[in-house]
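If you want the building blocks of each chain, they are given just below.
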Amino acid sequence: DTGVSQDPRHKITKRGQNVTFRCDPISEHNRLYWYRQTLGQGPEFLTYFQNEAQLEKSRLLSDRFSAERPKGSFSTLEIQRTEQGDSAMYLCASSQADRAGYGYTFGSGTRLTVV
Amino acid sequence: AQSVTQLDSQVPVFEEAPVELRCNYSSSVSVYLFWYVQYPNQGLQLLLKYLSGSTLVKGINGFEAEFNKSQTSFHLRKPSVHISDTAEYFCAVSGAGKSTFGDGTTLTVKP
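What counts and what doesn't
Residues numbered from 1 in each chain as written. Chains lettered and ligands numbered in written order. Predicted model: local features only at pLDDT ≥ 70, side-chain atom pairs only at ≥ 80, totals over all residues. Heavy atoms only, no water. Pairing = 2+ DSSP bridges. Helix = DSSP H or I, 4+ residues; strand = E, 2+ residues; numbered from the N terminus. Axes fitted to C-alpha atoms, helices over the stretch in contact; angles between N-to-C directions. Buried < 20%, exposed > 50% of the residue type's maximum accessible area, 1.4 Å probe, protein only. Polar contact = N/O pair within 3.5 Å; in protein donor to acceptor, adjacent residues only side chain to side chain. Contact = heavy atoms within 4.5 Å. Buried area = accessible area lost by both parts, 1.4 Å probe. Salt bridge = Lys/Arg side-chain N within 4 Å of Asp/Glu carboxyl O.

## Here's the deal with the sheet that holds strand S1 (residues 5-7) of chain A
All names here are of chain A. Strand order in the open sheet made by the 4 strands is S1-S3-S8-S7, with antiparallel pairing throughout. Taken across any chain shown, the strands that pair with only one partner, and hence form the sheet edges, are S1 and strand S7 (65-68). Strand-to-strand, the axes of this sheet are offset by a mean angle of 15°, without reference to chain direction. Relative to strand S8 (residues 75-79), strand S3 (residues 19-24) runs antiparallel, the two sharing 5 bridges. Counted as the bridge partner of Arg-22 is Thr-76 from S8.

See the structure below:
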């Protein structure tokens, strides 16, 4: 297995445009998480899935953000009408639900810059 | 609810010196505890974890951490650091669902 893959690695977009990121987790992992990280801060939870079900979504997440995991494998995170405050590193991680204490495997992240 | 406080935002040390990065947590339920390391322009990598049992856990790259339930702490230590240990370190707490991360400690190892 090649680990957790995220695409693209970098994205520059104009304010108001929509962007979509993709995450491919480790194949045997049934949980997938999205986090956002800004400079000087730790990863901030956005949402997570178990298989195709979205189990939790951060209350800090505006309606402009949506995530899907349609077949319980890869996931997409879409941001509509981007704002400059959305500029951040978006991290994806995966894990196995029955091994909650074993931690996450993270991807390398997608760096979003909104200009 | 769960939260993590990393008590030092930056820790500069000289090569071959010992180091301790401090982490306190709070949670209303039993938790799992983690330390992750992030090198520049890379994702987070699991350094070590505490599930249960012995309160002293060993991880990769010579790091270890001690779980102290009464003080709700999980401090990370290394007896002798190398230049290559320069990175950002994150403490995290998890229940059965998501993990909550601290804001990180930047460890800078000087020659």
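Further notes follow.
## Concerning the pairing of S7 of chain A
Residues in a regular strand project their side chains so that they alternate between the two faces of the sheet. All names here are of chain A. Residues Phe-65 and Ala-67 of S7 are buried on one face, while the alternating residues Ser-66 and Glu-68, pointing to the opposite face, are not. In this sheet, S8 lies alongside S7 in antiparallel orientation, the contact comprising 4 bridges. By the bridge assignment, Phe-65 is partnered in S8 with Ile-79. Adjacent in sequence and paired antiparallel, S7 and S8 are bridged by 6 residues, among which Gly-72 carries a positive phi angle near 75°.

## Let's talk about the side chain of Gln-37 of chain A
Mapped onto the secondary structure, Gln-37 of chain A falls in strand S4 (residues 31-37). At 3.1 Å, the side chain of Gln-37 of chain A forms a polar contact with the side chain of Gln-38 of chain B. Dropping the residues within four chain positions of it, Gln-37 of chain A is found in contact with Gly-42, Pro-43, Ala-88, Met-89 and Leu-91 of chain A together with Gln-38, Leu-44 and Phe-90 of chain B.

## Let's talk about the interface of chain B and chain A
Taken together, the 20 residues of chain B in the interface contact 21 residues of chain A. Taken together, the two surfaces of chain B and chain A that pack against each other cover about 1,600 Å², and 53% of this comes from carbon and sulfur. It is Leu-44, Lys-98 and Phe-101 of chain B that lose the most area in chain B upon contact with chain A, and together they represent 30% of the buried surface on that side. Where chain B packs against chain A, one counts 1 salt bridge.

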